[in-house]
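Structural overview for review
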Amino acid sequence: MKKITKILIANRGEIAIRIMRTCREMGIATVAVFSDADRTSMHVRYADEAYNIGPAASILSYLKSDKIIEIAKDCQADAIHPGYGFLSENADFARKCAENRIIFIGPSPEVIDQMGDKIKARLTMIAAGVPVVPGTTESVKTEKEAIDTILQIGLPVMVKASAGGGGKGMRLITEEKDIASSVRSARSEALSSFGNDSVYIEKYISSPHHIEFQILGDQHGNVVHLFERECSVQRRHQKMLEETPSPLMTPELRKTMGGYAVEAARAVKYAGAGTIEFLVDNDRNFYFLEMNTRLQVEHPITERVTGIDLVKQQILVAEGHALTFRQNELRQTGHAIECRIYAEDSDNNFMPNPGKIYNITEPLGLGVRTDGYVYEGYEIPIHYDSMISKLIVWAENRTEAIDRMKRALYEYKITGVKTSIKFLERIMDTPDFRSGNYDTNFIEKNKDILHAATKCSEDCEDMVIIAAYIEYLDRLNIALTSKEMYPAKNRWKKYTYQKNFERL
Amino acid sequence: MKKITKILIANRGEIAIRIMRTCREMGIATVAVFSDADRTSMHVRYADEAYNIGPAASILSYLKSDKIIEIAKDCQADAIHPGYGFLSENADFARKCAENRIIFIGPSPEVIDQMGDKIKARLTMIAAGVPVVPGTTESVKTEKEAIDTILQIGLPVMVKASAGGGGKGMRLITEEKDIASSVRSARSEALSSFGNDSVYIEKYISSPHHIEFQILGDQHGNVVHLFERECSVQRRHQKMLEETPSPLMTPELRKTMGGYAVEAARAVKYAGAGTIEFLVDNDRNFYFLEMNTRLQVEHPITERVTGIDLVKQQILVAEGHALTFRQNELRQTGHAIECRIYAEDSDNNFMPNPGKIYNITEPLGLGVRTDGYVYEGYEIPIHYDSMISKLIVWAENRTEAIDRMKRALYEYKITGVKTSIKFLERIMDTPDFRSGNYDTNFIEKNKDILHAATKCSEDCEDMVIIAAYIEYLDRLNIALTSKEMYPAKNRWKKYTYQKNFERL
Amino acid sequence: MSIEIKLDKRIASVEILKQFENLLEIKVDDKVYQVDLMHNDEGIFSILANGRSYNIELVPQPKPKHFTAYTLYDSYDLEVIDAEARYLRNRTGSAPLLSENTITSPMPGKVVKIPVTVGDVVKKGDTVITISAMKMESEYKSPMDGIIALIHVSEGSTVEANQVLIEIA
Amino acid sequence: MSIEIKLDKRIASVEILKQFENLLEIKVDDKVYQVDLMHNDEGIFSILANGRSYNIELVPQPKPKHFTAYTLYDSYDLEVIDAEARYLRNRTGSAPLLSENTITSPMPGKVVKIPVTVGDVVKKGDTVITISAMKMESEYKSPMDGIIALIHVSEGSTVEANQVLIEIA
């Protein structure tokens with residue numbers, strides 16, 4: 001058992017800070033790394049130590065495994081936490097950490113390898129008895145083989161690149177006449193994107209639910225699951241909102257799926273935190289989709305209903321501790337929802353909207369948690385993800401949680417960049433969401449409600465006009481008179497214009 | 001049953017906002033009232049409607065019951081929530097609300113009356129079989145009677161004004177020679193403060209624990225308790241920090257004391273949220289101290305361990321709903337601590353420190369809740385309480401909760417005024433606090449640890465000097481050059497001085 | 001001193017009638033309001049009118065006299081049309097400042113690909129430049145049939161919001 | 001250009017030796033630091049030196065060139081002693097700006113009671129004024145035996161921090 005005393009966090013933004021918070025609670029020193037674009041990022045200021053690792057582009061900084069390991073050795077960090085994204089599912093990086101006697105906080109390189117290849121993962125799951133989406137168990141090497149397999153499985157199907165990801169080399173086939181051309185284009189895109197034209201074929205499940213189970217394993221063979229997360233509200237195949245418990249779930253289904261998730265993790269001797277993702281259709285048939293061998297963005301909702309700090313568990317497991325709780329001691333209490341606040345123009349095809357944050361007011365009070373990293377005056381870089389914070393609420397039941405989330409979103413003010421806040425607020429008011437009757441087709445199905453313009457009343461418009469007028473007058477004055485060395489005593493202005501106008 | 005659709009909050013600051021948050025979640029419109037000193041207070045901006053009620057002094061504004069009721073009638077509010085302090089325990093106000101067909105969110109005027117007079121409250125408790133501090137059951141009218149009673153009870157004793165409060169007309173007597181003079185001065189102070197020289201006498205319990213039980217009753221005779229809060233960390237007889245569960249508590253004692261608290265509330269047909277305060281000595285003997293017929297400052301720790309929104313329950317009870325949970329369905333899960341952030345100079349006799357808030361960084365992340373009302377640029381008025389926010393943390397157990405509170409206090413930055421944050425951080429490191437072995441004498445007993453200066457390292461001091469130097473240079477530049485109409489594009493400065501110095 | 005303010009497509013005329021400290025009597029088009037208005041250096045406004053509490057934040061835009069206003073419900077683009085602005089408007093007629101055969105970046109980002117060179121013939125709808133920001137690539141298309149007249153940026157360069165990228169003749 | 005900075009009781013001499021953008025070589029007394037320093041208009045400083053990440057906030061005080069600095073651990077009072085300040089210091093000798101027989105308010109508040117009038121004889125330790133702020137009353141006592149020379153405030157009036165209240169001769 002090795003006590004970890006200093007952790008380098010090989011990440012940036014909100015997840016870097018979230019990990020540092022737990023380190024601070026555990027008395028562990030923290031080391032930040034940052035690219036040239038991130039010198040003023042909050043994670044640099046939050047850490048005990050901070051080192052530059054290169055230019056803005058991730059490939060030259062946050063993905064530079066050798067450079068990061070070198071810094072970890074120089075500053076004598078015992079361990080590296082990779083967060084999510086970047087190097088978190090990179091088996092080579094995990095291997096290099098081990099070679100340099102640095103603890104990689106995550107599963108072994110072998111497990112990352114095994115679950116990273118989609119076909120290997122499918123085979124592992126089939127061997128563990130976990131249901132997978134019907135389809136091929138090996139890559140399909142020729143066009144003819146592909147066509148035969150598709151006819152055998154039956155339309156609709158998805159053709160996916162074995163080495164793939166990010167939608168590249170992926171085709172949905174719904175009609176027989178498209179089979180040949182789609183297989184051909186999928187294979188050619190796979191070749192150009194990944195240098196490998198292997199594809200595999202899966203039955204296409206239309207409008208499924210995306211439900212995942214959080215699992216936690218230690219180095220002593222103990223594995224538990226921490227229940228499910230419902231992640232079906234997505235745009236551009238990216239999650240916008242997650243909740244637990246899932247409105248679709250029944251106690252029996254939870255027990256069955258949870259059991260399979262634990263089996264799946266046990267099958268690869270999984271140590272650390274991981275997620276088993278499933279597709280579930282409206283008849284509650286479920287199929288293994290993939291495993292994420294890292295912390296998920298949406299882990300806080302699991303923390304909120306179970307009370308367990310998942311990052312602390314990751315660190316304890318990495319130190320060699322056995323889990324201190326068994327499956328039957330775990331409880332899902334109340335209801336938690338997470339909303340992802342993106343810097344984006346939700347009403348304009350969710351286009352990213354980087355820029356400078358002007359003012360922020362964070363929601364506070366009962367049952368509200370915010371995990372963010374931006375601050376007033378911060379310029380969101382164009383180089384990285386557009387997520388600026390996560391808003392998590394908890395309440396005794398789902399209805400109260402939705403009401404609380406609505407209140408928190410209403411309170412949350414970010415000016416200077418466009419954000420997803422208003423769009424998320426409209427989700428809270430959408431009948432399909434309130435009733436819990438939704439799947440991955442939710443945003444498309446409800447687009448009329450979700451993109452409806454909510455203008456304020458005419459009086460309110462007039463108040464905006466009045467404000468702009470006063471601001472204009474004030475700026476004229478500022479330009480003329482503000483030469484003093486120290487800021488004005490009171491930032492709220494009352495007396496500025498009295499000379500200019502007749503008194504009431 | 002009357003559905004409440006609009007509530008006037010007859011209060012200010014953090015508690016006004018805390019109440020408005022729940023109203024918003026329940027779809028209830030909110031009305032703020034404000035004094036001249038509070039025009040820029042956050043509660044005015046948070047509310048749907050806002051009305052001025054007079055000059056800064058409370059007696060001319062927040063205590064003006066007629067004016068407040070008039071506004072409530074004019075804007076057609078169904079109900080008034082008094083918060084804590086101000087009119088919250090004023091039976092006349094509650095009565096006037098009823099006369100004007102406005103729901104007062106709190107117990108009936110009769111109950112407020114009955115529990116507001118200390119001797120009446122003692123008698124009520126004795127009748128309900130609740131242990132009280134040994135002492136007189138009636139006011140003592142003459143000096144001789146007082147001296148006889150004291151000799152009978154035995155020293156040490158406290159002499160207290162029957163109509164009293166705030167330490168006025170209160171004397172601790174530990175030696176026989178002081179009896180006559182102390183009784184005399186207590187009676188004379190009582191007369192000049194309250195126009196009534198009645199006093200009563202209680203056995204003095206040295207260094208007791210201050211433990212209170214939250215209770216909740218409805219209009220149908222149901223009463224439950226929501227467990228205890230340990231409130232022994234006090235300065236100037238004001239609470240600084242509360243936690244639940246109490247480290248002193250045993251399951252048996254909790255059951256007994258909770259049972260008495262419910263009995264006490266039932267005895268007066270209590271409807272709404274209230275608190276029964278007890279003194280507990282180190283042998284776990286407990287005595288009824290007083291009842292607070294309102295929401296307490298420290299209610300959030302109870303909300304956190306039970307999951308119940310107490311303000312929501314107050315509103316539901318006021319509407320006439322029956323409680324939806326029974327005693328045996330309530331659970332205390334994990335551990336919660338609240339720290340009160342005061343604008344004060346903790347190292348200088350806790351002297352209040354009003355002034356302008358310069359920058360704020362609020363602590364965020366897992367298990368952290370902040371209830372505050374100040375914001376950057378806000379000038380804390382001199383007229384009201386010095387509490388600027390409450391920091392509440394939750395964790396699975398007490399040790400983790402203390403570590404989390406320490407982390408949250410470390411993250412909490414308020415500049416411009418002195419605050420209690422550093423002092424509270426030192427409490428988290430005090431062995432007596434960590435071990436849970438403390439009583440109301442805690443701050444006095446540990447003053448050497450709590451007032452120790454924690455200077456940063458010499459390097460860190462040099463960094464402060466460097467920062468001041470750069471700021472000075474920068475201000476020289478600003479004074480010379482900043483005449484532009486719009487703020488600089490990037491608030492973080494890099495290039496300001498390159499002309500002035502030799503390049504590296 | 002009345003001034004015009006453009007809010008989205010509406011142009012309203014505003015005038016302060018009377019003032020005492022933070023209490024204003026103010027006319028917006030034909031409507032007269034009594035407001036209690038406080039604001040601060042960060043462009044945060046608290047306005048009380050007819051008992052309602054309005055919160056408005058104004059963020060200045062790069063163009064002088066242009067603001068974005070955030071209410072609790074939505075955001076608006078605003079422009080103050082004072083004497084100077086009116087003069088400029090009259091002088092340039094109603095022609096927009098940027099010609100319609102120009103492609104500008106709607107957001108900051110990085111140029112990933114420019115599949116055209118100066119002199120190329122393009123059709124309306126042809127992709128002429130691809131910009132990447134925050135892991136998402138967006139393709140910008142020619143608004144007309146024409147010839148690439150000028151390219152102001154190159155592949156790999158960083159662009160600001162509203163920067164002119166390509167001109168088509 | 002070296003300048004002196006007073007931090008609590010320490011007076012340190014500071015000089016920038018070299019600079020390239022946000023990288024500074026800077027000397028504090030005899031120690032030379034290589035620092036990566038960023039700051040903003042709100043007085044927030046992020047300094048990286050020898051790998052450590054330091055967060056410092058500076059708040060200007062009413063007196064020019066006086067700041068309060070907040071680190072993660074404590075706060076400090078700072079004064080920049082430049083040529084002008086040195087000149088003023090030399091001219092006035094070492095005498096403090098406020099005489100020792102003056103009673104000033106340490107915080108903003110309201111005058112509750114002034115139990116003395118001009119001409120009264122007071123002893124060291126006698127209460128001469130009571131100030132209330134945030135529900136707490138504080139009594140201020142005469143620092144010396146003497147006679148009340150001037151009273152600048154009256155009962156019920158509001159006072160600022162560091163305002164002169166009473167002078168004793």
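Treat the numbers as computed from the prediction; the structure is a model and nothing was measured.

In this section: the overall build of chain C. Scanning chain C from terminus to terminus reveals one helix and 16 strands. For chain C, the C-alpha radius of gyration of 21 Å lies well beyond 15 Å, the compact-globule estimate for 169 residues. Structurally, chain C occupies a C-alpha span of about 65 × 40 × 25 Å along its principal axes. Across the 169 residues that make up chain C, the buried fraction comes to 47%. Long-range pairs, those at least 24 residues apart, make up 36% of the contacts in chain C between residues at least 6 apart in sequence. Element-wise, carbon and sulfur atoms account for 52% of the exposed surface of chain C, whose accessible area totals about 8400 Å². The average position of the 18 basic charges and that of the 25 acidic charges among the side chains of chain C differ by 4 Å.

Going through the model one piece at a time under the given rule, you end up with 24 aromatic pairs over all chains. Judged by centre distance (6.2 Å) and plane angle (85°), the rings of Phe 213 of chain B and Phe 278 of chain B are edge-to-face. Taken as a pair, Phe 213 of chain B in strand β9 (residues 209–217) and Phe 278 of chain B in strand β12 (residues 272–280) lie far apart in primary sequence, 65 residues in all. Both residues of the pair, Phe 213 of chain B and Phe 278 of chain B, count as buried. Here a set of aromatic residues connected by ring pairs shows up, and it is made of Phe 213, Tyr 260, Phe 278 and Phe 286 of chain A. Geometry around Phe 433 of chain A places Arg 398 of chain A over its ring, the cationic atom sitting 4.9 Å from the centre.

Turning to the interface of chain A and chain D, a few remarks are in order. At the interface, 13 residues of chain A touch 16 residues of chain D. In this assembly, chain A packs against chain D so that about 1200 Å² is buried in total across both faces, 49% of it on carbon and sulfur atoms. Put simply, Asp 36 of chain D and Arg 39 of chain A hold a salt bridge, and the shortest N to O gap is 2.8 Å. At the junction of chain A with chain D, the criterion picks out six residue pairs in polar contact (both at pLDDT 80 or more). Where the side of chain A that touches chain D is concerned, the elements lending two or more residues are α2 (42–46) and β3 (49–54) of chain A. Among the elements that make up the side of chain A that touches chain D, the one with the highest residue count is β3 of chain A (three residues). Looking at the side of chain A that touches chain D residue by residue, the classes come out as seven nonpolar, one polar and five charged.

Looking now at the domain arrangement of chain A. All names here are of chain A. Under the domain assignment used here, chain A contains domain 1 (6–105), domain 2 (107–128 + 207–333), domain 3 (134–203), domain 4 (334–454) and domain 5 (458–503). Of note, the centres of domain 1 and domain 4, computed from C-alpha atoms alone, are 28 Å apart. Contact with domain 1, which involves 18 residues of that partner, is made by 11 residues of domain 4. Interface of domain 1 and domain 4: buried area, both sides summed, is about 1200 Å²; carbon and sulfur atoms make up 52% of it. It is Arg 12, Glu 14 and Met 42 in domain 1 that bury the most area against domain 4; as a group they hold 40% of the surface buried on that side. Counting the contacts that link domain 1 with domain 4 gives one salt bridge. At the junction of domain 1 with domain 4, the criterion picks out four residue pairs in polar contact (both at pLDDT 80 or more). Residue assignment for the side of domain 1 that touches domain 4 shows that the elements contributing at least two residues are α1 (13–25) and α2. For the side of domain 1 that touches domain 4, a count of residues per class yields seven nonpolar, six polar and five charged.

Attention now goes to unusual backbone geometry. Omega for the bond connecting Thr 244 of chain A with Pro 245 of chain A falls within 30 degrees of zero, at -5°, which places this linkage in the cis form. Turning to its location among the elements, Pro 245 of chain A is positioned in the loop between β11 (238–244) and α9 (251–267). Following Leu 155 of chain B, the chain continues into Pro 156 of chain B via a peptide bond in cis, with omega recorded as -10°. Relative to the helices and strands, Pro 156 of chain B is located in the loop between α7 (143–153) and β6 (157–161). Although it is not a glycine, Lys 269 of chain B adopts a positive phi angle of roughly 55°.

Attention now moves to the packing of helix α4 (residues 91–99) of chain A against helix α5 (residues 109–116) of chain A. Residues and elements named next belong to chain A. Two elements in contact, α4 and α5, have axes whose closest approach is 8 Å; the angle formed by their N-to-C orientations is 175°. In terms of their interaxial angle, α4 and α5 are classed as roughly antiparallel. Residues Ala 91, Ala 94 and Arg 95 of α4 lie in contact with α5, whose contacting residues are Pro 109, Ile 112 and Asp 113.

So, about the environment of Ile 382 of chain B. Here Ile 382 of chain B shows up in the loop between β20 (379–380) and β21 (387–395). C-alpha separation for the pair Ile 382 of chain B and Pro 354 of chain B, spaced 28 residues apart in sequence, amounts to 5.8 Å. The contacts of Ile 382 of chain B, once residues within four sequence positions are left out, are Pro 354 of chain B together with Pro 108, Gly 109, Lys 110, Ala 133, Met 134 and Thr 158 of chain D.

Parameters at a glance
- Residues numbered from 1 in each chain as written.
- Chains lettered and ligands numbered in written order.
- Predicted model: local features only at pLDDT ≥ 70, side-chain atom pairs only at ≥ 80, totals over all residues.
- Heavy atoms only, no water.
- Helix = DSSP H or I, 4+ residues; strand = E, 2+ residues; numbered from the N terminus.
- Rg over C-alpha atoms; globule rule 2.2 N^0.38 Å.
- Buried < 20%, exposed > 50% of the residue type's maximum accessible area, 1.4 Å probe, protein only.
- Contact = heavy atoms within 4.5 Å.
- Areas by Shrake-Rupley, 256 points an atom, 1.4 Å probe, with all protein chains shown as cover.
- Lys, Arg positive; Asp, Glu negative; His and termini not counted.
- Charge placed at Lys NZ, Arg CZ, Asp CG, Glu CD.
- Phe/Tyr/Trp six-rings, centres within 6.5 Å; stacked < 30°, edge-to-face > 60°.
- Lys NZ or Arg CZ within 6 Å of the ring centre and 35° of its normal.
- Buried area = accessible area lost by both parts, 1.4 Å probe.
- Salt bridge = Lys/Arg side-chain N within 4 Å of Asp/Glu carboxyl O.
- Polar contact = N/O pair within 3.5 Å; in protein donor to acceptor, adjacent residues only side chain to side chain.
- Nonpolar A, V, L, I, M, F, W, Y, C, P; charged D, E, K, R; others polar.
- Domains from an automatic or database assignment.
- Axes fitted to C-alpha atoms, helices over the stretch in contact; angles between N-to-C directions.
- Parallel < 35°, antiparallel > 145°, perpendicular 65-115°, else oblique.

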